[in-house]
Structure formats: C-alpha cells, structure tokens
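Inside the fold
Chain by chain, the residues:
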Amino acid sequence: MSTPLIVTLIVAAVLAVVLIVLYILGRRAEKRREEQMGQIEAASQQVSMLIIDKKKMRVTKAGLPDIVVEQVPWYMKRSKVPVVKAKIGPKIMTFIADVEIYDEIPTKKEVKATVSGIYITAVKGLHKQAQKEEKKKGFFSRFRSK
C-alpha cells in the first residue's frame, strides 16, 4: 500500500472514533438535561415580579449567592449567563434566566414568571403583553436602509 492511502485510512479511523465518542457523550448529556428539567418543573412556582434590569455577565460578578458560585464548575465561571434583577415584594433578588426566554423578558415591567429556585423558566406579561425589545440598529444598517 502507498503511504498516502495509509495516512488517509488512519485519519478516517480516528475521525470515526471521535464521532462515535461525541455521539455517546451527547446522548448522556441529553438524558442528564431531561432529568434536570424534570426536577426544575417539579420545584417551579408562579411569582409576580417587577423586572428591574437584565444583563449577560459572568457568574462571579453577577451578585449571586456564594453557594451558587461555589457549585459552578471552574471552566464555567468565566462564561456569561443571562442575569435578571427583579423585585419580588420588598426584596430585590438576582435570578438566572433561561437562555431561550431571555430576549422575551421586558425591563421595568411587572410580569408573572415561573421560577424554580433562582432560575426563571417562563415569563408572561401581567399588565401588557410581553414584547421583545427591539435591538438598536448599527451605523451601517441604518446607512443601508436610507
């Protein structure tokens, strides 16, 4: 056999092994996520809250309780998470929003949210329909529209 053919076969075999390993790890992560979502659904409750502010910031600088920051793995502490500051009754609390609903959360509005611990899983507008905030157009997109 020629050398390029051997190298190609070895590379193909390594790629096949990597794909199989990634498939298995993905299935395990999917099962784990389903179990966690089941636990979140079981512990969730409806809460009326006034959204003060929302940002994407690092877990260490988000103002979350120390217990939560300690439980975050070291490789996730530098990643940004969607953080929502809200007033529930007389208390101002910091929550972590689900990535899928983060854009739907209106600021400075009262909403009814489904909360599980410090995790917001769903939001419904109380007084008005929760509307997505329009993103600011950049300089070039404004220039193109003219």
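Residues numbered from 1 in each chain as written. Predicted model: local features only at pLDDT ≥ 70, side-chain atom pairs only at ≥ 80, totals over all residues. Heavy atoms only, no water.

**Some points on the overall build of the protein**
Filter applied, for reference: For the purposes of this entry, the term helix denotes a DSSP run of H or I that reaches at least four residues, the term strand denotes a run of E that reaches at least two, and both are numbered from the N terminus. C-alpha atoms define the radius of gyration in this analysis, and the globule rule sets the expected value at 2.2 Å times the number of residues to the power 0.38. Think of it in three bands: residues with accessible area under 20% of the maximum for their type are buried, residues over 50% are exposed, and the middle band is partly exposed, with areas taken using a 1.4 Å probe on protein chains only. Residues are treated as being in contact if the distance between any of their heavy atoms lies within 4.5 Å.
Of the regular secondary structure elements, the protein holds 3 helices and 5 strands. Each helix (α) and strand (β) of the protein, taken in turn from the N terminus, gives the series α-β-α-β-β-β-β-α. Computed over the C-alpha atoms, the radius of gyration of the protein is 22 Å, more than 25% above the 15 Å expected from 2.2 N^0.38 for a compact globule of 146 residues. A principal-axis box enclosing the C-alpha atoms of the protein has dimensions of 75 × 50 × 25 Å. Classification of the 146 residues of the protein by burial places 22% in the buried group. For the protein, long-range pairs separated by at least 24 residues make up 58% of all intrachain contacts whose partners lie at least 6 apart in sequence.

**Considering the packing of aromatic side chains**
This is how it is decided: Between rings of Phe, Tyr and Trp, where Trp is taken as its six-membered ring, a pair exists when centres lie within 6.5 Å; planes separated by under 30 degrees are stacked, by over 60 edge-to-face, and by other angles tilted. By definition here, charges over rings are those cases where NZ of Lys or CZ of Arg is within 6 Å of the ring centre and within 35 degrees of the ring normal.
Applying the stated criterion across every chain, the model contains 1 aromatic pair. Ring centres of tryptophan 74 and tyrosine 75 lie 5.8 Å apart, and the angle between their planes is 90°; on these two criteria the pair is classed as edge-to-face. One exposure class covers both tryptophan 74 and tyrosine 75, and it is exposed. Its end group placed over the ring of tyrosine 102, lysine 54 keeps NZ or CZ at 4.8 Å from the ring centre.

**Digging into the nonpolar core**
As a reminder, the rule being used: As used here, the term nonpolar core means buried Ala, Val, Leu, Ile, Met, Phe, Trp, Tyr and Cys residues forming a set that is joined through side-chain atoms within 4.5 Å.
The biggest cluster of nonpolar side chains holds 15 residues, and the ones touching the most others in it are Met49, Ile51, Ile105, Val115, Ile120 and Val123. If we skip the residues at most four places from it in the chain, valine 115 touches Ala43, Ser44, Gln45, Val47, Met49, Phe95 and Ile120. Residues Val59, Val69, Val81 and Val83 belong to the second largest nonpolar core, which totals 8 residues.

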